[in-house]
2 protein chains.
Amino acid sequence: MNNIRLGILGGGQLGRMLLQAGLDFNLYTLVLDPDEFAPCRHLCEEFVHGDFKDYDTVYAFGKRCNLLTIEIEHVNVDALFQLEKEGLAIYPKPASLQTIQDKGLQKEFFQKHAIPTAPFRLLQEAAELDAHQDFLPAFHKLRRGGYDGNGVRRLDSPADFGKAFQAPGVLEKLVDFELEISVICARNVQGEVKAYPVVEQVMHDEHNLVDYLLAPSQIAYKLQRMAIEIATHVTTTLDIVGLLAVEMFVTRDGQILVNEVAPRPHNSGHHTMKANATSQFEQHLRAILGLPLGDTEPHCPAILLNLLGEAGYSGEAVYEGLEETLREPGVHIHLYGKKFTRPFRKMGHLTVLAPTVEEVKTKAESVKNRLRIIA
Amino acid sequence: MNNIRLGILGGGQLGRMLLQAGLDFNLYTLVLDPDEFAPCRHLCEEFVHGDFKDYDTVYAFGKRCNLLTIEIEHVNVDALFQLEKEGLAIYPKPASLQTIQDKGLQKEFFQKHAIPTAPFRLLQEAAELDAHQDFLPAFHKLRRGGYDGNGVRRLDSPADFGKAFQAPGVLEKLVDFELEISVICARNVQGEVKAYPVVEQVMHDEHNLVDYLLAPSQIAYKLQRMAIEIATHVTTTLDIVGLLAVEMFVTRDGQILVNEVAPRPHNSGHHTMKANATSQFEQHLRAILGLPLGDTEPHCPAILLNLLGEAGYSGEAVYEGLEETLREPGVHIHLYGKKFTRPFRKMGHLTVLAPTVEEVKTKAESVKNRLRIIA
C-alpha cells in the first residue's frame, strides 16, 4: 500500500468522502480539480489546480500517479486512453467511461446488450424534433455534460420544442413509472462483483419531488432480485472496475427499465457510510486496489436526506437547527466542506437509522425540516 | 460550524482518526506535533511543526484557534491554563488534564471521591522503596509521561528494586484480577453523559498477552452495570468535556477497580468506527462542539485486533497477507498513515464484525495471524 500513488480526477464531495475512506488504506493521494477551493484541497498529499476536461492537464496529472480513478465522469477520456496505453492502471477503464459519458452511446449499449431501457431516438439538433412528434411526451437529454437534472427537458407537445437543446441529444419516451430505484454494484480488478441492496426514492405526498432515499427498498422481493440481476449484468457488460450506480424505473406494469448509470460513488449510496459495515467508498477502493470486496449487508434500515441550500440565500453557510436535528437518536450529519451556500446547492446529507422501516420513516419525517442552510 | 477553528494537540493516529470523523462537521482544523512526518500532516488546514510540551509553542498555537482539544494527554498544561483564562474553550479542561497527567494525582483523586482503585503509595524516588517491602508484589509506575506500558515496572521482591524508576512514582499493589475491561464515556459541554458498552480484553490461552478486545464484554450483566456506573461517575467527577476512557480490573472476588483513565479517544474504542452508528471520534466532536451526543448502541459484536510491527523488522512497511485477511467477510482494516515500521509499533488495527459473539471470536481466530507487517 505504501507505494500506491492514487490520483483522483475531481475534488468535490465524492472525492472528499473517498479520501476520508482512503485514510484506512494509507494511500498517497493526488487530486485534480479546476476549483482552487474544492472540498478535497486539504485532504490529499498533492492538490493540483487544473481542468480535468483538458487533455494535457489530465495527461500530465496521470503521469504522476500509478493508479487513477474519478469522482466525476466528465473528464478528458482521450488523455486516459493514452495513459492506459502507456501502462497506467485506470479504473473505471477509459472504454467504460467513454460509453457512459455520452447518453447516446449509453442507450445504444443498453439496446445492444438487451438491457431493458425506455425507447429512445438520437437527434443531432433540435430542428429534427418535428419528425418525432409521434414520440411525445418525451425527455430531451443532452448527450454530454448533464448532471443532477441539468441537461434534461420535458417535451409534452410541439409547443415545447422551443425548450429543447441546440446540441446532440437523446429523445427518450416518457415512462409511466411507479418509482425510481437504484442499485450500486462493485466489481474488483479480479472480476468479483457485489451489489448493495436496492435503494428507493420516496416522493413527497403533495408536491411531486423526491423526499428522501430509503434503504433497503420495500418493493416486492421478486423486483429486488430482478433489479440486482440487471445491475450486476450492466456492471459486468460495461467491464466496470470500481463502482457502478444503476438508476432504474419500476413501471406500473412491473417492469424494470435502466434509466442511467454512473461509474463512481453515488448520492444513492451515502447512507452506506453509517448503515453498512462496508461503505460504498471503502468498496470502491477495495475494487480498484484489487482487494476482496467487503460485505454489502446493511446493519439496519436507513434514510438519506440531502441537505440543500435554502432558496433565497447565497453566501457563507449557516446551519440553523443543527442541535435539534442531532438530538434525535440515530441521526448523523455529513457536511461537504463547502464554505458558501446558494439555492439548492448540495451542502451535505443526513443519515437516519432505526431498527425498522416504520421507525426510520417516522424519524425522518420528524427531522426533515429542522435544519435550514441559510447565509 | 463554518467559524470553528479546531486545534488538536498531537498529530498521531488518534488525531488522524479524529480529523477523519471531523470531515463530517466542516471544521477548520490545526494540528501541532513535533514530528514533521506525523500521520495528521496532510489532513488539516494548518499543520504546525512544534513541541506540545513547550509553553510558548502551545500558547502561540492556542491563540490561532477558537476551540482546542488533545489526542495525547502529555501536553503543556500551564499554557492551557493561561489560554483558558484568556477565554479559549479547551476540552478536556486544563484542570481535568492536570489531574490525569500525573498518576499520583489521579490515584489521590480516585481515593478522595470514593472511586474504587487498587491500594497505592506515592514515592519521590526509588530509595524509598525499602520502607514499603510490606506492599509487594506491586507495580512501580512513573507519575508522569508513561504510555502503552512504558513507565510501568513490576516489583515482586526487594531483588527487583534495581528496576524501579529514579523519578517520582506510584507504587500500586498488585491486583489479583480476572480480566481487564474498559468503558468509554462522553460528556458534552452541556453536561449530558453517554457511555459505550463495556469492552473486555481477551487473553491468549497460552502466553499471557492480550489477544484482542471484545465488544460488548461477556461479563455478568450486574458487573457491566457496575462498570458503566463507575465510569460515568469518574467522568462527571473529573468534570470531563469530551471522552474519558476508563480502564478497570474485574477482581476474582467480583469487585471492579479503576486502573487508569485517558481523557481522549482510546484504543479500546476503535471498533466503534465500524460496529456503532456513532464512532468515539464523532462522539468526541459532538461533545466538545456542544452538540447532543450520539447513540452508543452497537450494531453487532466486534473484535479489535491491533496490528503491530513484526519483531525483527524495521523500515518501510510492507503489509503481507492483506488480501487473505480482507477476504473474510466482516473484516475491515484501518492503517495509521505510518510509512515506517519497527518491532511492536502500532501500525493499524483490524475490526472484525459478526452477528454473534461466538462467530466473531471464531472469525478473529482465523484472521489474526494472516497479516504481517514487515519491512
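Residues numbered from 1 in each chain as written. Chains lettered and ligands numbered in written order. Predicted model: local features only at pLDDT ≥ 70, side-chain atom pairs only at ≥ 80, totals over all residues. Heavy atoms only, no water.

A. Structural view of the UniProt feature "binding site: ATP" (unreviewed entry) in chain A. Residues and elements named next belong to chain A. Those residues carrying the UniProt feature "binding site: ATP" (unreviewed entry) are K103, K141, E172, K173, L174, V175, E180, N259 and E260 in this numbering. Tracing the backbone through its elements, the reader meets V175 in the loop between β9 (169-173) and β10 (177-187). Note on placement: E260 falls in strand β15 (residues 256-262). Setting aside anything within four residues of it in sequence, one finds E260 in contact with K103, Q106, K141, A245, V246 and E247. (UniProt positions renumbered as here; feature names shortened; annotations may be inferred. Helix = DSSP H or I, 4+ residues; strand = E, 2+ residues; numbered from the N terminus. Contact = heavy atoms within 4.5 Å.)

B. Here's a closer look at the relation of the copies chain B and chain A. For the pair chain B and chain A, the relating rotation is 180°, the translation along its axis is 0.0 Å, and the fit reaches an RMSD of 0.0 Å. Considering both components of the superposition, the chain copies are consistent with a two-fold axis. Taking C-alpha positions as the reference, the residue of chain B nearest the rotation axis is L43 of chain B, at 2.4 Å. Both copies share a contact surface, since 100% of the interface residues of chain B are interface residues in chain A too. (Least-squares fit on C-alpha atoms with pLDDT ≥ 70 in both.)

C. Focus on the domain arrangement of chain A. Examined at the domain level, chain A breaks down into domain 1 (5-90), domain 2 (119-173) and domain 3 (177-374). Between domain 1 of chain A and domain 2 of chain A, the C-alpha centre-to-centre distance is 33 Å. (Domains from an automatic or database assignment.)

D. The arrangement of the interface of chain B and chain A in detail. Opposite the 44 residues of chain B that make contact, chain A presents 44 residues. With both chains or domains summed, chain B and chain A bury close to 3,800 Å², and 53% of this area falls on carbon and sulfur atoms. Summed over the shared surface of chain B and chain A, the number is two salt bridges. With a shortest N-O distance of 2.7 Å, K274 of chain B and E282 of chain A are connected by a salt bridge. Summed over the shared surface of chain B and chain A, the result is 22 residue pairs in polar contact (both at pLDDT 80 or more). Residue assignment for the side of chain B that touches chain A shows that the elements contributing at least two residues are α1 (13-22), α8 (280-288), α9 (322-327) and β19 (331-335) of chain B. In terms of residue class, the side of chain B that touches chain A is built from 19 nonpolar, 13 polar and twelve charged. (Buried area = accessible area lost by both parts, 1.4 Å probe. Salt bridge = Lys/Arg side-chain N within 4 Å of Asp/Glu carboxyl O. Polar contact = N/O pair within 3.5 Å; in protein donor to acceptor, adjacent residues only side chain to side chain. Nonpolar A, V, L, I, M, F, W, Y, C, P; charged D, E, K, R; others polar.)

E. How the structure looks around the packing of aromatic side chains. Residues and elements named next belong to chain A. In total, this model carries four aromatic pairs over all chains according to the counting rule given. With a centroid separation of 4.6 Å and an interplanar angle of 20°, the aromatic rings of F177 and F249 are classed as stacked. Note that F177 is positioned in strand β10 and F249 in strand β14 (residues 242-251), a separation of 72 residues in sequence. Residue classification places F177 among the partly exposed residues on the basis of a relative accessible area of 28%. Above the face of the F135 ring, K173 is positioned so that its terminal group lies 4.8 Å from the ring centre. (Phe/Tyr/Trp six-rings, centres within 6.5 Å; stacked < 30°, edge-to-face > 60°. Buried < 20%, exposed > 50% of the residue type's maximum accessible area, 1.4 Å probe, protein only. Lys NZ or Arg CZ within 6 Å of the ring centre and 35° of its normal.)

F. Region of interest: the packing of helix α4 (residues 94-101) of chain A against helix α5 (residues 103-112) of chain A. All names here are of chain A. Two numbers describe how α4 lies on α5: the axes approach to 5 Å, and their chain directions differ by 105°. Looking at the two axes, α4 sits roughly perpendicular to α5. Facing α4, whose interface residues are Q98, T99, I100 and Q101, α5 presents K103, L105, Q106 and F109. Partitioned by chemical class, the residues of the contact of α4 with α5 number three nonpolar, four polar and one charged. (Axes fitted to C-alpha atoms, helices over the stretch in contact; angles between N-to-C directions. Parallel < 35°, antiparallel > 145°, perpendicular 65-115°, else oblique.)

G. Fine view of the side chain of E200 of chain A. Residues and elements named next belong to chain A. Its location among the elements puts E200 in strand β12 (residues 199-203). Despite being buried, E200 has no salt bridge partner; K361 is the closest side chain of opposite charge, sitting 5.8 Å away. Here S217 takes part through its side chain, which lies 2.7 Å from a polar atom of the side chain of E200. Within polar-contact distance, the side chain of E200 engages the backbone nitrogen of Q218 at 2.7 Å. When neighbours within four sequence positions are excluded, E200 is seen to be in contact with L179, E180, I181, Y212, L213, L214, S217, Q218 and I219. (Lys, Arg positive; Asp, Glu negative; His and termini not counted.)

H. Spatial organisation of the pairing of strand β21 (residues 346-353) of chain A. Residues and elements named next belong to chain A. The buried fraction of β21 amounts to seven of the eight residues, a majority that puts the element mostly inside the structure. Direction of pairing for strand β16 (residues 302-308) relative to β21: antiparallel, over a ladder of seven bridges. Opposite A302, over in β21, you have L353 as the bridge partner. Sheet topology places strand β19 (residues 331-335) next to β21; five bridges connect them, and they run antiparallel. Across the sheet, I333 pairs through a bridge with L350, a residue of β21. (Pairing = 2+ DSSP bridges.)

I. The sheet that holds strand β1 (residues 5-9) of chain A, seen in detail. Residue and element names in this part refer to chain A. Strand order in the open sheet formed by five strands is β3-β2-β1-β4-β5, with parallel pairing between adjacent strands. The sheet terminates laterally at β3 (46-49) and β5 (89-90), the two strands that pair on one side only. As defined by bridge partners, strand β4 (residues 67-70) adjoins β5 across two bridges and the pair is classed as parallel. Note that in β5 the partner of L67 across the bridge is A89. In the packing of helix α2 (residues 55-62) onto the sheet, contacts are made with β1, β2 (28-33), β3 and β4, and the angle to β2 comes to roughly 175°.

J. Geometry of the pattern of salt bridges. Residues and elements named next belong to chain A. Taken as a whole and judged by the stated rule, the model has 46 salt bridges over all chains. The residue E365 makes a salt bridge to K368 at a minimum N-O spacing of 2.9 Å. Relative accessible area serves as the criterion here: at 41%, E365 is assigned to the partly exposed category. Look at the salt bridges and you will find they share partners, linking K107, K141, E172 and E260 into a network.

K. Layout of unusual backbone geometry. Cis rather than trans, the peptide bond between L136 of chain A and P137 of chain A has omega equal to -5°. Secondary-structure assignment places P137 of chain A in the loop between β6 (120-123) and β7 (138-142). Looking along the chain, the bond that leaves Y91 of chain B and enters P92 of chain B is cis, with omega of 0°. Backbone geometry at A114 of chain A places phi at a positive 55°, although glycine is not the residue there. The residue A114 of chain A is located in the loop between α5 and β6 in this model.

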